[in-house]
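Understanding the architecture of this molecule
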Amino acid sequence: MTSDATFDAALDLTRQWCEIPSVKGDDRQITRQADAVVTWLKTELGATIVSAASSKGRPPVIHARIDVGAEKTVILYNMYDVMPASPEGWSVDPFRGGIVDLEGIGRSFVARGAENNKGPLAGMLIALKALADAGKLRVNVEILVDGEEESGSGAMRDYLAASDCPLRKSASAIFPSFCEYGGGAPRVYLGFSGIAKGEVRVDGGQWGGPKAAIHSSNAPWIANPASRLVEALSLIGKPPTGELANIAIDAEAAGIISILAKAFDPAAELRFRRTETFSLQGDAQALLEHVLSTASFNISSLESLPLGSDGVIPHGARAAFELRTPPSLDPADFLSQYRTALEKTPGAILNVADSYPGFRFTADAPGVSALLQSYETTANAPPQIWPWAIGAAPAYAFAPHAKSFLLAGAGRGGNAHGIDEFMTLEGFRRFIQSITLWLEHVANEPEAA
């Protein structure tokens with residue numbers, strides 16, 4: 001089990017780093033957090049800093065290395081940026097943090113970043129340090145810490161894509177996180193979905209509509225940008241879920257889903273997703289097959305300009321979106337088709353902020369068996385294995401450098417991006433232990449053929 005000294009050191013480091021509000025757009029605090037991570041890696045872990053540079057004004061990509069002369073190398077990836085937070089509604093100041101006894105959950109450390117992802121970042125580094133200090137580290141470790149994960153990891157993806165990227169070829173890469181979602185069994189994802197983010201916009205002054213909001217009595221002869229936007233949005237995605245297409249579930253994925261469905265509780269998933277009803281009906285297997293196979297276009301915000309005006313024809317309208325695809329589909333392909341379709345709607349403009357494809361690995365990929373082993377003594381229940389996550393992560397960017405990229409770790413956290421973000425103290429102990437065991441087991445895992 002995780003010793004009290006190791007646990008206390010990890011909790012203290014989590015607390016220190018959660019006090020730094022490293023929110024997107026706050027360059028001073030982002031730099032402060034990056035410097036704190038680099039300093040800790042050098043002074044406490046004795047790591048070699050391969051790179052900690054900022055590119056194109058973006059948050060630094062931190063790349064550090066522990067070389068113990070082993071034959072095998074692995075990657076530990078994590079992040080140091082967090083979402084914004086204001087104190088209203090929190091049990092403690094979100095950027096000071098504190099121990100709170102949460103009803104139905106137990107004693108937890110509450111702070112912005114506690115779960116996502118400064119707690120896991122600190123825990124993984126302390127686990128690595130404990131092994132290294134004890135002389136028990138049997139793999140070389142490449143450490144990558146991302147400063148803009150919450151906004152697409154653009155700098156990290158560019159770093160990994162560079163022809164001269166100094167990252168060493170690795171057996172496996174993991175993204176240590178609290179994977180006991182909602183307090184249930186820990187999850188193992190063998191891949192991730194792709195994602196595109198952007199907006200559809202209609203500006204009246206660019207196509208003969210109003211250049212400024214005017215009285216709605218002019219509706220019979222003045223085109224409405226909001227109506228034009230609705231027309232544009234009708235060209236993609238079936239309501240109410242925005243479904244675009246479905247892939248065929250292959251044999252390996254079908255087998256994994258069949259086993260997963262036996263333990264999957266849709267009602268519990270609803271509680272985790274903070275909703276009351278699925279828009280679709282069916283048993284666990286049908287729901288899982290549908291959500292995993294579906295490409296969907298989600299409208300995350302919809303507004304006319306100026307905001308909050310009544311009785312007018314607006315001068316503009318916009319809709320923000322996220323397009324998510326299972327690993328075998330590329331969101332860029334759908335956006336290309338959509339851009340062509342928008343030619344039928346004069347004035348509608350598609351702005352894509354970011355896009356990348358999904359990626360999946362096989363169940364026998366390096367690192368998977370070591371992860372399952374690590375859960376045997378640390379997790380509350382046998383793990384749920386998913387063929388891929390419905391959430392997105394840039395696994396494709398790691399694929400040239402590692403034979404797998406896995407979200408990994410026991411432990412429970414919650415309320416990421418929300419009020420009273422937390423990690424349970426008991427779960428944090430399990431998390432540290434699971435990462436320690438993974439590093440031990442992966443060293444002994446047979447090499448893939």
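What you see is a predicted model; the values in this text were computed from it and never measured. The numbering scheme is per chain: residues are counted from 1 as the chain's sequence reads. Given that this is a predicted model, residues contribute local features only at a pLDDT of at least 70 and side-chain atom pairs are listed and counted only at 80 or more, while totals for whole chains, interfaces and linings are drawn from all residues. Hydrogens are left out, water is left out, and the side-chain values use all remaining heavy atoms of the structure.

1. Here's the deal with the overall build of the chain
Scanning the chain from terminus to terminus reveals 12 helices and 21 strands. Its C-alpha atoms put the chain at 80 × 50 × 50 Å along the principal axes. Between buried and exposed lies partly exposed: a residue is buried under 20% and exposed over 50% of the maximum accessible area for its type, with that area taken using a 1.4 Å probe on protein chains only. In the chain, buried positions account for 52% of the 449 residues. By sequence separation, contacts in the chain at least 24 residues apart represent 79% of the contacts at least 6 residues apart. Here the Shrake-Rupley method, with its probe set to 1.4 Å, supplies the accessible areas, and only the displayed protein chains count as covering residues. Working note: accessible area of the chain is about 19300 Å², and carbon and sulfur atoms make up 51% of it. Only four residue types enter the tally: Lys and Arg on the positive side, Asp and Glu on the negative side; His and the chain ends are excluded. Here the site of a charge means NZ on Lys, CZ on Arg, CG on Asp, or CD on Glu. Averaged over its 38 positive side-chain charges, the chain has a centre that lies 2 Å from the centre of its 51 negative ones. Numbering of helices and strands starts at the N terminus; helices are DSSP runs of H or I of at least 4 residues and strands are runs of E of at least 2. It only takes one pair of heavy atoms within 4.5 Å for two residues to be counted as in contact.

2. Observations regarding the pairing of strand β19 (residues 405-408)
Every second residue of β19 is oriented toward a common face, with Phe405 and Leu407 on one face and Leu406 and Ala408 on the other, all of them buried. When DSSP finds two or more bridges between a pair of strands, those strands are recorded as paired. Bridge analysis of strand β7 (residues 172-176) against β19 gives 4 bridges, and the strand direction is parallel. The residue of β19 that forms the bridge with Phe175 is Leu407.

3. Considerations on the side chain of Ser153
As for its placement among the helices and strands, Ser153 is situated in the loop between β6 (140-146) and α4 (154-161). Apart from the residues lying within four places of it in its own chain, the contact partners of Ser153 are Tyr77, Asp146, Glu148 and Pro394.

4. Description of the packing of aromatic side chains
Geometry of aromatic contacts follows a simple scheme: Phe, Tyr and Trp rings, the Trp one being its six-membered ring, pair when their centres are within 6.5 Å, and the pair is stacked under 30 degrees between planes, edge-to-face over 60, tilted otherwise. Scanning the entire structure with this criterion turns up 18 aromatic pairs. Consider the rings of Tyr189 and Phe192, whose centres lie 6.4 Å apart with planes at 50°: the pair is tilted. Grouping residues by exposure puts Tyr189 and Phe192 together as buried. An aromatic cluster is defined as three or more aromatic residues linked by ring pairs; in this entry it consists of Tyr77, Phe175, Tyr181, Tyr189, Phe192, Phe264, Trp386, Phe398 and Phe405. Positioned over the ring face of Phe7 is Arg429, at 4.2 Å from the centre of the ring. We call a charge positioned above a ring when the Lys NZ or Arg CZ atom is no farther than 6 Å from the ring centre and deviates by at most 35 degrees from the ring normal.

5. Digging into the nonpolar core
Of all hydrophobic cores here, the largest spans 97 residues; its most connected members are Leu41, Val141, Ile143 and Phe405. Excluding its chain neighbours within four sequence positions, the residues that come into contact with Leu41 are Gly46, Ala47, Ile49, Ile62, Ala64, Leu125 and Ile143. Grouped together as the second largest cluster of nonpolar side chains are 20 residues, Leu233, Phe334, Leu335 and Leu350 included. Think of a nonpolar core as a cluster: buried Ala, Val, Leu, Ile, Met, Phe, Trp, Tyr and Cys residues, connected wherever their side-chain atoms sit within 4.5 Å.

6. So, the environment of Ala130
Tracing the sequence through the fold places Ala130 in helix α3 (residues 118-133). A relative accessible area of 30% means that Ala130 is categorised as partly exposed. Along the chain, Ala130 and Ser293 lie 163 residues apart, while their C-alpha atoms are 41 Å from each other.

7. Some thoughts on the pattern of salt bridges
Think of a salt bridge as a Lys or Arg side-chain nitrogen and an Asp or Glu carboxyl oxygen that are within 4 Å of each other. In total, this model carries 16 salt bridges according to the counting rule given. Residue Arg360 pairs with Glu252 through a salt bridge whose shortest N-O separation is 3.3 Å. Separated by 108 residues along the polypeptide, Arg360 in strand β17 (residues 359-360) and Glu252 in helix α6 (residues 251-263) bring together distant segments of the chain. Through salt bridges with shared partners, a single network forms among Glu199, Arg201, Asp203, Glu303 and Arg318.

8. Examining the pairing of β6
The buried count for β6 comes to 7 of 7 residues, which makes it a mostly enclosed element. Here β6 shows a buried face lined by Asn140, Glu142, Leu144 and Asp146 and a second buried face lined by Val141, Ile143 and Val145. When strand β3 (residues 73-79) meets β6, the two strands line up parallel, connected through 7 bridges. Across the sheet, the residue bridging to Leu76 is Ile143, located in β6.

9. Topic: the environment of Glu88
Along the chain, Glu88 turns up in the loop between β3 and β4 (98-102). At 2.8 Å, the side chain of Glu88 and the side chain of Ser86 are in polar contact. Polar contacts, as counted here, are pairs of nitrogen or oxygen atoms within 3.5 Å of one another; within protein the pair requires one atom able to donate a hydrogen and one able to accept it, and residues that are adjacent in sequence qualify only if both atoms are side-chain atoms.

10. Some thoughts on the state of the cysteines
Any two cysteine sulfur atoms within 2.5 Å of one another count as a disulfide. In the structure shown here, the tally under the stated rule is 0 disulfides. The structure places no disulfide on Cys18, whose sulfur is separated from the nearest cysteine sulfur, that of Cys179, by 18 Å. Among the residues examined, Cys18 registers a relative accessible area of 0% and is labelled buried.

11. Re the sheet that holds strand β2 (residues 62-66)
Spatially, 6 strands are ordered β1-β2-β6-β3-β7-β19 in an open sheet, and the strand pairing comes out mixed. Each edge of the open sheet carries a strand with a single partner, namely β1 (48-51) and β19. Averaged over all pairs of adjacent strands, the angle between their axes in this sheet comes to 25°, without regard to strand direction. Of the pairings in the sheet, the one linking β2 to β6 comprises 5 bridges and is antiparallel in character. Along β6, the bridge assignment pairs Arg65 with Glu142. Each of β2, β3, β6 and β7 touches α3; the most contacted strand, β3, lies at about 150° to it. For helices, the fitted axis covers only the stretch in contact; all axes are lines through C-alpha atoms, and the angles between them, taken along N-to-C directions, range from 0 to 180 degrees.

12. Some details on the layout of surface pockets
In this structure, the second largest pocket encloses a volume near 180 Å³. Every residue lining the second largest pocket is counted, 14 residues in all, and those nearest its centre are Asp27, Ile30, Gly57, Arg58 and Pro59. Three classes are used: nonpolar for Ala, Val, Leu, Ile, Met, Phe, Trp, Tyr, Cys and Pro, charged for Asp, Glu, Lys and Arg, and polar for all others, with Gly counted as polar. For the lining of the second largest pocket, a count of residues per class yields 2 nonpolar, 6 polar and 6 charged. Cavity and pocket criteria rest on a 1 Å grid covering protein atoms alone: a 1.4 Å probe that fits but cannot get out defines a cavity, protein on both sides within 12 Å along at least 5 of 7 lines defines an open pocket, and an atom within 4 Å of a point defines a lining residue. Grid points are joined across faces, edges and corners, and a volume is the space filled by probe spheres set on the points.

13. Some details on α4
Of all 8 residues making up α4, 6 are buried, and the element is well covered by its neighbours. All of the buried residues along α4 are Gly154, Ala155, Met156, Arg157, Tyr159 and Leu160.

14. Thoughts on the packing of helix α1 (residues 4-18) against helix α12 (residues 425-444)
Following both chains from N to C, one finds α1 and α12 inclined at 110°, their axes separated by 10 Å at the closest point. By the angle class used here, α1 and α12 are roughly perpendicular. Mapping the contact onto sequence places Asp4, Thr6, Phe7, Ala10, Leu11 and Thr14 in α1 and Leu425, Phe428, Arg429 and Ile432 in α12. Split into classes, the residues belonging to the contact of α1 with α12 amount to 6 nonpolar, 2 polar and 2 charged. Should an angle fall under 35 degrees it is taken as roughly parallel, and over 145 as roughly antiparallel, whereas 65 to 115 is taken as roughly perpendicular and any remaining angle as oblique.

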